[in-house]
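Here is what each chain is made of, one letter per residue.
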Amino acid sequence: MRRQVIISGLVLSLLAGCASVKESRFNPLNWFGKSEPVAVDANGQQVVTIKSLAPKKGYPVFVDTRPLAPTISDVQVVQSASGAIVTATAALPSTGYFDAELVPVASERADTLVLEFRLRAPEGAAPAGTSAQRRITAARSLSFDAIAGIHTIIVKGADGARQVRR
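Notes on the structure in this doc start here. A quick note: this is a predicted structure, and the numbers were derived from the prediction, not measured.

Some remarks on the side chain of T95
Piece 1. Here T95 lies in the loop between strand 2 (83-91) and strand 3 (98-105).
Piece 2. A distance of 2.8 Å separates a polar atom in the side chain of T95 from the backbone oxygen of P127.
Piece 3. Here T95 is in contact with P122, A126, P127, A128, G129, Q133 and R134, once residues within four sequence places are set aside.

A closer look at the pairing of strand 7 (residues 161-165)
Piece 1. Alignment of strand 6 (residues 152-156) against strand 7, held across 5 bridges, turns out to be antiparallel. Bridge pairing links I154 to Q163 in strand 7.
Piece 2. The turn joining strand 6 and strand 7, which pair antiparallel and follow one another in sequence, is formed by 4 residues; a positive phi near 160° is taken by G160.

Topic: the sheet that holds strand 2
Piece 1. One open sheet accounts for 3 strands, arranged 1-2-5; its pairing is antiparallel. This sheet does not close on itself; its edge strands, each paired only once, are strand 1 (71-79) and strand 5 (135-143). Adjacent strand axes in the sheet meet at a mean angle of 15° when their direction is disregarded.
Piece 2. Here strand 2 runs beside strand 5; their pairing, made up of 9 bridges, is antiparallel. The residue bridging G83 from the neighbouring strand is S143, located in strand 5.

Here we look at the sheet that holds strand 3
Hydrogen bonds along the backbone pair up the strands of a sheet, which may run parallel or antiparallel.
Piece 1. Pairing is mixed in the open sheet, where 4 strands are placed in the order 3-4-6-7. For this open sheet the edge positions go to strand 3 and strand 7, each flanked by a neighbour on one side alone. Strand-to-strand twist in this sheet, taken as the mean axis angle between neighbours without regard to direction, amounts to 20°.

Overview of unusual backbone geometry
Piece 1. Residue D99 is not a glycine yet carries a positive backbone phi of 60°.
Piece 2. Tracing the backbone through its elements, the reader meets D99 in strand 3.
Piece 3. The class for D99 is partly exposed, based on a relative accessible area of 37%.

Points about the pattern of salt bridges
Piece 1. Using the criterion set out here, one finds 7 salt bridges in the structure.
Piece 2. Note that D99 is salt-bridged to R120, the shortest N-O span being 3.1 Å. You can see D99 sitting in strand 3 and its partner R120 sitting in strand 4 (residues 112-120), a full 21 residues away along the chain.
Piece 3. With its nearest N and O atoms 3.2 Å apart, the salt bridge here joins D111 to R109.
Piece 4. For R109, a relative accessible area of 55% gives the class exposed.
Piece 5. Within this structure, D64, R66, D99, E101, E116, R118 and R120 form a network of salt bridges that share partners.

So, the nonpolar core
A general tendency of soluble globular proteins is for nonpolar side chains to be buried together.
Piece 1. Core analysis: the biggest nonpolar cluster contains 21 residues, and V86, L102, F117 and V155 have the highest contact counts within it.
Piece 2. Counting only elements with at least two residues in this core, the list comes to strand 1, strand 2, strand 4, strand 5 and strand 6.

So, how was this worked out
- Residues numbered from 1 in each chain as written.
- Predicted model: local features only at pLDDT ≥ 70, side-chain atom pairs only at ≥ 80, totals over all residues.
- Heavy atoms only, no water.
- Helix = DSSP H or I, 4+ residues; strand = E, 2+ residues; numbered from the N terminus.
- Polar contact = N/O pair within 3.5 Å; in protein donor to acceptor, adjacent residues only side chain to side chain.
- Contact = heavy atoms within 4.5 Å.
- Pairing = 2+ DSSP bridges.
- Axes fitted to C-alpha atoms, helices over the stretch in contact; angles between N-to-C directions.
- Buried < 20%, exposed > 50% of the residue type's maximum accessible area, 1.4 Å probe, protein only.
- Salt bridge = Lys/Arg side-chain N within 4 Å of Asp/Glu carboxyl O.
- Core = buried A, V, L, I, M, F, W, Y, C linked by side-chain atoms within 4.5 Å.

See the structure below:
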């Protein structure tokens, strides 16, 4: 009697699992999915479409809130193996400025590259320091393609700009 109850329980549990086997990958009838349309070109070759990695809502708009450097004291352009390196130095009213970068902006002339010297000011009071401590330098690497038709490079600051010609 005990054996019959155990066997009956096993058979009933096996039958209860049949509904889930019908939709599982253990069922040979489910090894392949349903058919789906495929795009082909005029020659009969399959057209492969790659999904975009861009966010669905698009990329956020970046607004640079860093102010321009007060005074640009020096600009140099040095030839490198990949093109040129533009280096600019700014004179500052105190120490503690950081996050300096030369940011390209639109130019009116095709043969002119315009860069803005942007940086972040220190939060709170900062010591005055020496004149050497109140300088900050930023550099930007430019490829041969980027400087192909460029004859003038202008670096803008808050109080004016400096240019280099070739």
